[in-house]
Amino acid sequence: MLFAELDRTAQRLCGVDEAGRGPLAGPVVAAAVILDPARPIAGLADSKALTAKRRAALFDEIQTRALAWHIAEASVEEIDQLNILHATMLAMQRAVHGILASGIEPDLVQVDGNRCPQIPCRVEAIVKGDALVQAISAASILAKVSRDRQLAALHALHPEYGFDVHAGYPTPRHLAALNEHGPTAHHRRSFAPVRQALLAFGHAVPGRTDADVASF
């Protein structure tokens, strides 16, 4: 894959991406990565374009070879309180602050998408950055693998929902299980299908409903 050099002046570039905006369950996870030019990583790409096996191998390689990395999240409760967009920005803020806490300060932070979190660094949004900027690709891999592993663990607690297959996304199987069994404590109560299931099972619902997927 040919990556664009979107800022040649940046000495220390930090890529940021998230995983889990659209699912009905689980946290939204963000990662921040500063790659080490002296230790290049072959095969970086948008995490969605890679096989699970390849993502897992790159996950370990990124953590070993990167100059700095940090994985953070916003919880289901924070998603319901803030809405998915603001919770995603919060997770990204936490990921970047994790990098800063390590004592390494980036010259530029590039975020996948068209919105930037509020952070004490120079920052810019890059649409489709996970396919254009290696550091963002690395962040997308860390975020997705981390979140997928959390949902696999959640599957062990609630196998009837199939979290190991759909990772919380609103697939027909997930929606059918939601309607049959009702929401778990790990479901996002502000998302419309979960809210509808809560009502069907006679549970209280939040006062605000988010769109199923926030676009940004």
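The structure we're discussing is the one just above.
First, a word on what this report is: a plain description of the structure on this page.

Rules behind the numbers
- Residues numbered from 1 in each chain as written.
- Predicted model: local features only at pLDDT ≥ 70, side-chain atom pairs only at ≥ 80, totals over all residues.
- Heavy atoms only, no water.
- Helix = DSSP H or I, 4+ residues; strand = E, 2+ residues; numbered from the N terminus.
- Contact = heavy atoms within 4.5 Å.
- Areas by Shrake-Rupley, 256 points an atom, 1.4 Å probe, with all protein chains shown as cover.
- Phe/Tyr/Trp six-rings, centres within 6.5 Å; stacked < 30°, edge-to-face > 60°.
- Lys NZ or Arg CZ within 6 Å of the ring centre and 35° of its normal.
- Buried < 20%, exposed > 50% of the residue type's maximum accessible area, 1.4 Å probe, protein only.
- Arc of directions from axis to C-beta.
- Core = buried A, V, L, I, M, F, W, Y, C linked by side-chain atoms within 4.5 Å.
- Pairing = 2+ DSSP bridges.
- Axes fitted to C-alpha atoms, helices over the stretch in contact; angles between N-to-C directions.
- Salt bridge = Lys/Arg side-chain N within 4 Å of Asp/Glu carboxyl O.

1. Regarding the overall build of the protein
For step 1, the next point in the chain: When helices and strands are counted, the protein shows seven helices and five strands.
For step 2, the next point in the chain: Ordered by position from N to C terminus, the α and β elements of the protein give β-β-α-β-α-α-β-β-α-α-α-α.
For step 3, the next point in the chain: Of all intrachain contacts in the protein linking residues separated by at least 6 positions in sequence, the fraction that spans at least 24 positions is 61%.
For step 4, the next point in the chain: Working note: accessible area of the protein is about 10000 Å², and carbon and sulfur atoms make up 53% of it.

2. Observations concerning the packing of aromatic side chains
For step 1, the next point in the chain: Throughout the structure, instances matching the rule amount to one aromatic pair.
For step 2, the next point in the chain: Summarising the aromatic geometry, the rings of Tyr161 and Phe163 are spaced 5.5 Å apart at their centres and angled 15 degrees between planes, so their arrangement reads as stacked.
For step 3, the next point in the chain: One residue, Arg149, lies across the ring of Phe59, its end atom 4.6 Å from the ring centre.

3. Brief notes about helix H7 (residues 192-200)
For step 1, the next point in the chain: Considered for burial, the residues of H7 that qualify are Pro193, Val194, Ala197 and Leu198. Burial along H7 is one-sided: seen end-on, the buried residues are contained in an arc of 140 degrees. Exposed residues on H7 whose side chains face more than 90 degrees from its buried face are Gln196 and Leu199.
For step 2, the next point in the chain: Those residues of H7 that are buried are in contact with helix H6 (172-181).
For step 3, the next point in the chain: Immediately beyond the C-terminal end of H7, within one or two residues, lies Gly202, with a positive phi of roughly 75 degrees.

4. Thoughts on the nonpolar core
For step 1, the next point in the chain: Judged by nonpolar contacts, the single largest core of 30 residues is most densely connected at Cys14, Val16, Val28, Ala32, Val96 and Val109.
For step 2, the next point in the chain: Counting residues per element, the ones that place at least two in this core are strand E1 (13-19), strand E2 (28-34), strand E3 (68-74), helix H3 (84-101), strand E4 (108-112) and H7.
For step 3, the next point in the chain: Residues contacting Cys14, with those up to four places away along its chain left out, are Ala32, Val33, Ile34, Ile99, Pro106, Leu108, Val109, Gln110 and Ala135.
For step 4, the next point in the chain: By size, the runner-up hydrophobic cluster in this structure holds 18 residues, among which are Leu50, Ile62, Ala138 and Ile141.

5. What to know about the sheet that holds E1
For step 1, the next point in the chain: What the five strands build is an open sheet, ordered E3-E2-E1-E4-E5; its pairing is mixed. Since the sheet does not close on itself, it has two edges, and those belong to E3 and strand E5 (123-126), each with one partner. Put simply, the sheet's adjacent strands are angled 20 degrees from each other on average, direction ignored.

6. Structural notes on the pattern of salt bridges
For step 1, the next point in the chain: The full count for this structure, using the stated rule, is six salt bridges.
For step 2, the next point in the chain: The salt bridge involving Asp148 is made with Lys144; its shortest N-O contact spans 3.2 Å. Separated by four residues within a single helix, Asp148 and Lys144 lie in helix H4 (residues 134-157), roughly one turn from each other.
For step 3, the next point in the chain: One salt-bridge network, held together by shared partners, links Asp46, Lys48 and Asp130.

7. Some remarks on the pairing of E2
For step 1, the next point in the chain: Summarising burial for E2: seven of the seven residues are buried, a large majority.
For step 2, the next point in the chain: Here E2 shows two buried faces, one formed by Val28, Ala30, Ala32 and Ile34 and the other by Val29, Ala31 and Val33.
For step 3, the next point in the chain: Bridge analysis of E1 against E2 gives six bridges, and the strand direction is antiparallel. By the bridge assignment for E2, Asp17 is matched with Ala31.
For step 4, the next point in the chain: Pairing geometry for E2 and E3, over seven bridges, is antiparallel. Bridged to Ala30 within E3 is Ala72.

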